[in-house]
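An overview of the molecular structure
What follows is each chain in one-letter form.
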Amino acid sequence: ASHHAHTPLHLAFSCYVFNAKGKFLLTQRALSKKVWPGVWTNSCCGHPGPGEQTDDAVKRRLQYELGLVPLTVQLVLPDFRYRTEFNGIVENEICPVYTARVSSEPKPNPQEVEAYRWIPWEAFVANVTEHPERYSYWCVKQVAQLKDIVTLSVL
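Computed from a predicted structure; not experimentally measured.

1. Comments concerning the nonpolar core
- Of all hydrophobic cores here, the largest spans 28 residues; its most connected members are Tyr16, Phe24, Trp121, Phe124 and Leu146.
- Breaking this core down by element, the ones donating at least two residues are β2 (13-18), β3 (23-29), β6 (72-77), β7 (81-86), α2 (121-130) and α3 (137-153).
- For this core, the element with the highest residue contribution is α3, accounting for 5 residues.
- Judged by nonpolar contacts, the second largest core, of 15 residues, contains Cys15, Val17, Leu25 and Trp118.

In structure tokens form, the structure reads like this:
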């Protein structure tokens, strides 16, 4: 309900999940999603609830979307912001970006996630750079800023 043709600027978040081997969890949005259905993207996205701290919202959505309880959650891009349109629906978000580490396999919620795969971060960055049309708008923009930060701080 927060996204429509005249979406006001609002708070959201994106999270990039890594396992103990340092592989990144790439997800495909459920085909039933209103915005960007079936598109490959970062591990998890969402919005904090009223009065909810953003890092708590990250943990809540990781549990809801992927059945994951993170070992760590780290803010890596505090000032990321974007605006884009998809089929007449505007996304207009202040969207801090987080990384998280997990030690278990995802159990995706089919209302949120169509598919997933673990891939090396470098391979993901290369693919996003070569084929941006395959990924969500925000993911492409975030990866351009994350490619060096994540290599240094997460892997």
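2. Quick look at the pattern of salt bridges
- Following the criterion strictly, the structure yields 4 salt bridges and no others.
- Notably, a salt bridge pairs Glu112 with Lys33, separated by 2.7 Å at the nearest N-O pair. Residue Glu112 is found in the loop between β9 (97-101) and β10 (113-120), and its partner Lys33 is found in the loop between β3 and β4 (40-41); the two are separated by 79 residues along the sequence.
- A salt bridge links Glu52 to Arg60; its shortest N-O distance comes to 2.8 Å.
- On the basis of relative accessibility, which here comes to 24%, the residue Glu52 falls in the partly exposed class.
- Sharing partners across several salt bridges, the network here consists of Lys33, Arg61, Glu65 and Glu112.

Thresholds applied
Throughout, residues of each chain are indexed from 1 in the direction in which the sequence is written. Whole-chain, interface and lining totals are the exception, using all residues; otherwise, since this is a predicted model, local features are given only for residues with pLDDT of at least 70 and side-chain atom pairs are given and counted only at 80 or more. Only heavy atoms go into the side-chain values, all of them from the structure, while hydrogens and water stay out. We define the nonpolar core as a collection of buried residues of types Ala, Val, Leu, Ile, Met, Phe, Trp, Tyr and Cys that are connected through side-chain atoms lying within 4.5 Å of one another. Only protein chains enter the accessibility calculation, which uses a 1.4 Å probe; a residue is then buried when its area is under 20% of its type maximum, exposed when over 50%, and partly exposed in between. Helix and strand labels come from DSSP, where a helix needs a run of H or I of at least four residues and a strand needs a run of E of at least two; each type is numbered from the N terminus. Within this document, salt bridges are pairs made up of a side-chain nitrogen of Lys or Arg and a carboxyl oxygen of Asp or Glu, the two lying within 4 Å of each other.

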